[in-house]
Amino acid sequence: MTAEAGRPQVAEATGGRMSGSETRWWDTWLAPGFVGIAVLASLLLSGMLFFVHRSIDAASIVLARGDGAQLAESVQDALRRGPKPPRASTLDEVLARKRHDGLRYVAVLRPDGGQVEISAGEPRRALTPDAIAVLHAMEPVVVGNRMRMFVGPEGPPGRRWMRPP
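Note that this is a predicted model, so its numbers are computed, not measured.

**Focus on the packing of aromatic side chains**
And then number 1: All chains considered together, the criterion is met by one aromatic pair.
And then number 2: Each ring, one from Phe50 and one from Phe51, has its centre 5.3 Å from the other, and the planes form 70°; the classification is edge-to-face.
And then number 3: For Phe50, a relative accessible area of 44% translates into the label partly exposed.

Right, dumping it as C-alpha cells:
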C-alpha cells in the first residue's frame, strides 16, 4: 500500500460486518429520535389533560345547575304554600328538609334585587349588594367549598325584576 501524506492506507475486507469505529446512520439518530418522541408524547398528553379538565369543569357546572334547580324548586314550592308575605320560618323549614342535599343558606331578595329581605342559615360570605350584583340567573359561583346561585328572572343591574308594563 502506498502512503499518502505520511500515513499508510489500510484496507480490510469486513465481509458485511462493521468495525468498532464505524457507526450506522440509525445509531446517530436513535437517541435523539427517542427524546423527540418522548417530548411530543408529553406535549400531546398535556394538551389532552387540559381539554379533559375543561370538560370536567363544564360537566360540574351542569350538575350544579341541576342540583340548584331542584333546591330552588323546593324553596319556591314552600314559598307558594307558605304565608304571604314570606317569613324566615318558612325558609328555616325548607333549610332543615334540604340540608342533607347540601342546602346551607337561602335568601329572598327585595324586589329591586339589591338586598336580602329574609334569609335562613349562614352564608359562607356575607351577601352584600356587590356580591349580589355579580350573580346571574342559574350561573353557579364558587365561594369557598360551596356554590352560590341566583334563581329568578334576570334584569338590568340594580333592578333585577322589572315591573310589568
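**Focus on the environment of Ala88**
And then number 1: Among the structural elements, Ala88 can be located in helix H2 (residues 88-98).
And then number 2: Its relative accessible area of 31% is what places Ala88 among the partly exposed residues.
And then number 3: With 29 residues separating them in the primary sequence, Ala88 and Glu117 have C-alpha atoms 9.3 Å apart.
And then number 4: Sequence-distant contacts of Ala88, that is, excluding residues within four places in its chain, are made with Ile118, Ser119 and Ala120.

**Digging into the pattern of salt bridges**
And then number 1: Enumeration over the complete set of coordinates arrives at three salt bridges.
And then number 2: Taking the shortest distance from any N to any O, the salt bridge between Asp77 and Arg80 comes out at 2.6 Å. Taken together, the residues span about one helical turn, with Asp77 and Arg80 both in helix H1 (residues 25-81) at a distance of three residues.
And then number 3: By relative accessible area, Asp77 is classed as partly exposed at 26%.
And then number 4: Judged by relative accessible area, which is 56%, Arg80 ranks as exposed.
And then number 5: In this structure, Asp101 and Lys98 form a salt bridge, with 3.6 Å as the shortest nitrogen-oxygen distance.
And then number 6: Relative accessible area serves as the criterion here: at 42%, Asp101 is assigned to the partly exposed category.

**Here's the deal with the pairing of strand S4 (residues 116-121)**
And then number 1: As judged from the five bridges shared by strand S3 (residues 105-109) and S4, these two strands associate in the antiparallel manner. The residue of S4 that forms the bridge with Leu109 is Val116.
And then number 2: The hairpin turn running from S3 into S4, its antiparallel successor, is six residues long, and Gly113 in that turn takes a positive phi close to 80°.

**Considerations on H2**
Since there are 3.6 residues in each turn of an α-helix, residues three or four apart along the chain are aligned in direction.
And then number 1: Every buried residue of H2 is listed here: Thr90, Leu91, Val94 and Leu95. Taken around the axis of H2, the buried residues stretch over an arc of 135°, which confines them to a single face.
And then number 2: Where H2 is buried, its residues meet H1, S3 and S4.

**Quick word on the side chain of Thr90**
And then number 1: Relative to the elements of secondary structure, Thr90 occurs in helix H2.
And then number 2: With near-sequence residues (within four places) excluded, Thr90 lies in contact with Ala78, Leu79 and Pro83.

**Brief notes about the confidence of the model for the chain**
And then number 1: Considering every residue of the chain, the mean pLDDT works out to 79; 79% of them sit at 70 or more.
And then number 2: Predicted confidence for residues 159-165 stays below pLDDT 50, and this span has 18 contacts to residues more than four positions away or in other chains.

**A word on the environment of Asp67**
And then number 1: When you line up the elements, Asp67 lands in helix H1.
And then number 2: Separated by 34 residues in the primary sequence, Asp67 and Asp101 place their C-alpha atoms 8.5 Å from one another.

Calculation criteria
Residues numbered from 1 in each chain as written. Predicted model: local features only at pLDDT ≥ 70, side-chain atom pairs only at ≥ 80, totals over all residues. Heavy atoms only, no water. Phe/Tyr/Trp six-rings, centres within 6.5 Å; stacked < 30°, edge-to-face > 60°. Buried < 20%, exposed > 50% of the residue type's maximum accessible area, 1.4 Å probe, protein only. Helix = DSSP H or I, 4+ residues; strand = E, 2+ residues; numbered from the N terminus. Contact = heavy atoms within 4.5 Å. Salt bridge = Lys/Arg side-chain N within 4 Å of Asp/Glu carboxyl O. Pairing = 2+ DSSP bridges. Arc of directions from axis to C-beta. pLDDT = per-residue confidence, 0-100.

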